[in-house]
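Chains, contacts and geometry: an overview
Letter by letter, the chains look like this.
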Amino acid sequence: MSVMPIAPPKHGWCRRNVATLLALPPLLAAGLLAAPVGAEAPVTKELLPQPHRPTALAVDSLGRLYVAGQDNWFARLGPDGTYTLLGQGQAIVASPEPLDATAARWDSLRGMAARADGGVLLAESGQPAILQLSSQDQVSLFAGLVGLQAEGADPTVALGTPLSAFGLAIGPGGMVYLSTPTRIGRIDGLGRLSWVVSGAAPGFSEDGTPAVDGWLDWAVSMVTDRAGNLYIAEMASHRVRKIDGSGVLGTVAGSGPVPVWDPEEGAMRVAEGGYAGDGGPATQARLNSPSSLALDAAGTLFIADQDNGRVRKVDSRGIISTVLEGLGYPVVMSLALDAEGSLYVAVNPRLRPDDSKLWKLPGVAAPGLLAGGLFPSTVLGDVTGEGRVSIEDVVALLRILLGQGSWTPAQRWRADLNGDSQVAIADAVALLRLVAGIGG
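Reference entry: report on the structure contained in this document. Each chain has its residues counted from 1, running along the sequence as written. Note on the predicted model: pLDDT of at least 70 is required for a residue's local features to be given, and 80 or more for side-chain atom pairs to be given and counted; whole-chain, interface and lining totals, by contrast, use all residues. Side-chain numbers here rest on the full set of heavy atoms in the structure, without hydrogens or water.

A few words now on the pairing of strand 21 (residues 239-243). Buried residues dominate strand 21, accounting for four of its five residues. Each pair of strands is called paired provided DSSP finds at least two bridges between the two strands. Elements are defined by DSSP. Helices are runs of H or I of four residues or more, strands are runs of E of two residues or more, and each kind is numbered from the N terminus. With five bridges joining them, strand 20 (residues 230-234) and strand 21 adopt antiparallel strand pairing. In the sheet register, Tyr-231 faces strand 21, and the bridge partner there is Lys-242. From the end of strand 20 to the start of strand 21, which pair antiparallel, there are four residues, and His-238 there has a positive phi angle of about 55°. As paired strands, strand 21 and strand 22 (residues 249-253) are joined by four bridges and run antiparallel to one another. When the sheet's bridge partners are listed, Val-240 is paired in strand 22 with Ala-253. The hairpin formed by strand 21 and strand 22 contains five residues between the paired strands, and Gly-247 there has a positive phi angle of roughly 80°. Whether a residue is buried, partly exposed or exposed follows from its accessible area with a 1.4 Å probe, protein chains only, as a fraction of its type maximum: under 20%, in between, or over 50%, in that order.

Here you go:
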């Protein structure tokens, strides 16, 4: 596996050294990106190396950013500035047996989701398969099928059932969700496949419909929250839908016309999107082809409002606003969040693909968030991530402060007990007092 300081591969990333780019003063939201609507000050952002026509983003538990692009391009950007180009070989991943990622060949990666163990799931739209990349950069077949389906194959077993997924999400307990344009599937820890939304054709279902009986039209991106609710970007209806814990379908954001079946044309009649509603209830707002979602720990939902060239957000009260605008049209947009509250925005202009951009916007989201579907402990002081605070956390914190270990972003957030965005001996003292029951 080739790991190096970021430098331009054969195609895609910018020609300047990344250290130079990241050393530049943060660019104000002007020119390519206008100032956020209603903000007291412009959002600052860093320009990361130019991706190759990005189609999907994910951030893993170590804070590493994965970027999938067109032409089967797939790379990883580490928080230390290292760049790894993954999968430039010729081997088709067709088996659960692990294969070194350097030898692998991708087939149109579209969806990604990070796993709590440091691995990443990858949806290949070029073939009906979902792959898994381990933290040791070994890739294998997780679900789906490569080649001919065996006669009499069990459709309730994910491995061996054709699964042409566009979006992936990981929920509490490691439950894996996948979206096809019209259906939502679920794979449990035993590899069993069931359908949360089972519509066999494009359609629109009203709020209150049991999801298992529902219809969707171009469900392309999903996120989950800690309660197990599933949020779905439904592009063709220009809405973000929600399936709650009781399995009922609803709407979180978006309104207006919906796709309807035209019997004369024998196809769905396209609905028109729009842009309206900032400052009011998100369910009354207008969206235009939402293409990607990200959710932070405070319950704020970020939406790539693709054909409006904007990033919108819905806060925990259900109020919508515009975070960024002026991203251009037509574009393909992808979002991801890291555990420190940074929002990553990939912009892929359809008419000018060489102008693709990858932005990092620090501090836009709440820290300690659900990065890429991860559900780390959010207990302040729980350095080890066991869901409780004990003397082991004090020992772990002291070891890291003494240089005998390294941080993950989630650990750093949980160890910052005094909230000053730094971790020092004062935090270790505060943690010791907390374990001893001295003070609050």
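Next comes the rest of the account.
This part covers the sheet that holds strand 27 (residues 310-314). Ordered in space as 25-26-27-28, the four strands form an open sheet in which the pairing is antiparallel. Single-partner strands in this sheet number two, and they are strand 25 (290-295) and strand 28 (320-324). Averaged over all adjacent pairs, the angle separating strand axes in this sheet is 30°, with direction ignored. Pairing of strand 25 with strand 26 (residues 301-305) involves five bridges; the strand directions are antiparallel. Looking at strand 26, one finds that Leu-295 is bridged to Leu-301. Under this scheme, a helix contributes an axis fitted over its contacting stretch, all axes are lines through C-alpha atoms, and angles between N-to-C directions fall in the 0 to 180 degree range.

Moving on, we get to the nonpolar core. Among buried residues, the Ala, Val, Leu, Ile, Met, Phe, Trp, Tyr and Cys ones that are joined through side-chain atoms within 4.5 Å form a nonpolar core. Core analysis: the biggest nonpolar cluster contains 19 residues, and Phe-74, Trp-106, Met-112, Leu-122, Leu-131 and Leu-133 have the highest contact counts within it. Elements with a contribution of two residues or more to this core: strand 4 (54-59), strand 5 (65-69), strand 11 (109-114), strand 12 (120-124), strand 13 (129-133) and strand 14 (138-144). The element contributing the most residues to this core is strand 13, with three residues. Throughout, a contact is declared for two residues whenever any of their heavy atoms are within 4.5 Å. Look past the residues within four positions of Leu-122 in its chain and what remains in contact with it is Phe-74, Trp-106, Leu-109, Gly-111, Met-112, Ala-129, Ile-130, Leu-131, Leu-133 and Leu-168. Among the nonpolar cores identified, the runner-up in size contains 18 residues, and Phe-302, Val-311, Leu-335 and Ala-365 belong to it.

For the rest of this paragraph, the subject is helix 2 (residues 391-401). What sets the pattern is the α-helix's 3.6 residues per turn: residues three or four places apart point alike. Inspection of helix 2 places Asp-393, Val-394, Ala-396, Leu-397 and Ile-400 among the buried residues, and these make up the whole buried set. End-on view of helix 2: buried residues confined to an arc of 165°, all on one side of the axis. Of the residues trailing helix 2, Gly-403 is marked for its positive phi of about 85°. Here, the arc refers to the directions that run from the helix axis to the C-beta atoms.

Within the element layout of this structure, Gly-199 appears in the loop between strand 18 (193-197) and strand 19 (219-224). The spatial distance from the C-alpha of Gly-199 to the C-alpha of Asp-213 is 6.9 Å, given a sequence separation of 14 residues. Here Gly-199 is in contact with Thr-182, Arg-183, Gly-214 and Trp-215, once residues within four sequence places are set aside.

This paragraph deals with the pattern of salt bridges. We define a salt bridge as a contact between a side-chain nitrogen of Lys or Arg and a carboxyl oxygen of Asp or Glu at a distance within 4 Å. For the coordinates displayed, the defined rule picks out nine salt bridges. Here Asp-188 and Arg-192 are joined by a salt bridge, their closest N and O atoms 2.6 Å apart. Among the salt bridges present, the one from Glu-325 reaches Arg-310, with a minimum N-O distance of 3.4 Å. Of the two residues, Glu-325 is situated in the loop between strand 28 and strand 29 (331-337) and Arg-310 in strand 27; the sequence distance between them amounts to 15 residues. In this structure Glu-325 comes out as buried when scored by relative accessible area, which is 18%. Salt bridges sharing partners connect three or more residues here, namely Asp-207, Glu-234 and Arg-241.

These results come straight from atomic positions and should not be treated as a statement about function.
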